[in-house]
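# Structure at a glance
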Amino acid sequence: MDITQVYNDNKNSVYRLALTYLHSQAEAEDVCHDVFIKLIEHKVSVFPGKERAWLLTVTANECKNRLKFWSRHKSEKLSADIPVEDTQSPDILETVMSLSVKERTVIYLYYYEGYATEEIAGILKITASAVRSRMERARKHLKTKLEGVEI
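Bear in mind the structure is a predicted one, so any value in this text is a computation, not a measurement. (Residues numbered from 1 in each chain as written. Predicted model: local features only at pLDDT ≥ 70, side-chain atom pairs only at ≥ 80, totals over all residues. Heavy atoms only, no water.)

### Concerning the side chain of Arg66
Under the convention used in this document: Comment: elements are numbered from the N terminus, with helices defined as DSSP H or I runs of at least four residues and strands as E runs of at least two. The buried label applies to any residue whose accessible area, calculated with a 1.4 Å probe on protein chains only, is under 20% of its type's maximum; exposed applies above 50%, and partly exposed to all values in between. Pairs of residues are marked as contacts when any of their non-hydrogen atoms sit within 4.5 Å.
For Arg66, the position within the fold is in helix α3 (residues 51–72). Under the relative-accessibility criterion, Arg66 is labelled buried at 16%. Other than its neighbours up to four places away in sequence, Arg66 contacts Leu22, Glu27, Asp30, Val31 and Asp34.

What follows is the structure, encoded as structure tokens:
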């Protein structure tokens, strides 16, 4: 089986099926890539002449799995404009967003979302003491960065 030939013959069908399910070009392209990677990994189990049926079956299953995942993990797309309450300075949020990912995450979950350190530990799958350590480091960095900024 020539993988390149199978890809060239079936890429449009796989893409269109994925697009039909997902209504997103980026997601359809991801599924398309995943399906052809699976073909390369499982080429021994695909009967010659049945590649198209196998590819479309795998495409449908992959799309269904993604749709199930999305329904269980509903989220909104992040925007560059995160709303800030009137009582806070936009400079503070900007400074928080300039912290490292680990520090920024615990600060955001604690102060903006109102989670306790034990809850943050559960969300991030780390210990509560690690959360407190990250918070302490983040506060020091924030203090350094915000000195001289009028709040």
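### Structural notes on a nonpolar patch on the surface
Operational definition: The patches described consist of residues with a relative accessible area above 30% and no salt bridge, like charges being joined within 9 Å and nonpolar side chains (Val, Leu, Ile, Met, Phe, Trp, Tyr) within 5 Å. A 1.4 Å probe and the Shrake-Rupley method give the accessible areas. Residues count as covered only by the protein chains that appear here. Just to be clear on terms, a salt bridge is a Lys or Arg side-chain nitrogen sitting within 4 Å of an Asp or Glu carboxyl oxygen.
Where nonpolar side chains cluster on the molecular surface, the patch consists of Leu67, Phe69 and Trp70 and spans about 270 Å² of accessible area. Secondary-structure assignment places Trp70 in helix α3. A residue is classified by how much of its surface remains accessible, and Trp70, at 33% relative accessible area, is partly exposed.

### Remarks on the packing of aromatic side chains
Where we set the bar: A pair of aromatic rings is counted whenever rings of Phe, Tyr or Trp (Trp by its six-membered ring) have centres within 6.5 Å, and the orientation is called stacked for planes under 30 degrees apart, edge-to-face for over 60 and tilted otherwise. When the NZ atom of lysine or the CZ atom of arginine is within 6 Å of a ring's centre and also within 35 degrees of its normal, the charge is said to sit over that ring.
In total, this model carries two aromatic pairs according to the counting rule given. When the centroid spacing of 4.8 Å and the interplanar angle of 80 degrees are considered together, the rings of Tyr110 and Tyr111 count as edge-to-face. A cation over a ring is seen here: Arg139 above Tyr110, with NZ or CZ 5.9 Å from the ring centre.

### Focus: the packing of helix α6 (residues 117–124) against helix α7 (residues 128–146)
What counts is decided by this rule: Note on definitions: angles span 0 to 180 degrees between N-to-C directions of axes, and those axes are lines fitted to C-alpha atoms, for helices only across the stretch in contact. Angles are sorted into four bins: roughly parallel if under 35 degrees, roughly antiparallel if over 145, roughly perpendicular if 65 to 115, and oblique for all others. Each residue is assigned to one class: nonpolar for Ala, Val, Leu, Ile, Met, Phe, Trp, Tyr, Cys and Pro, charged for Asp, Glu, Lys and Arg, and polar for all the others, Gly among them.
Interhelical geometry of α6 versus α7 gives an angle of 105 degrees and a closest axis separation of 8 Å. It follows that α6 is roughly perpendicular to α7 by the angle criterion. Along its contact with α6, which presents Thr117, Glu118, Ile120, Ala121 and Leu124, the element α7 presents Ala128, Val131, Arg132 and Arg134. Here the residues of the contact of α6 with α7 are counted per class, giving five nonpolar, one polar and three charged.

### What about the confidence of the model for the protein chain?
This is how the line gets drawn: Summary of the metric used: pLDDT quantifies the predictor's per-residue confidence within the range 0 to 100.
Per-residue pLDDT for the protein chain averages 80, and the proportion of residues at 70 or more is 83%. Scored below 50 in pLDDT, residues 82–87 makes four contacts in the model with residues more than four places away or belonging to other chains.

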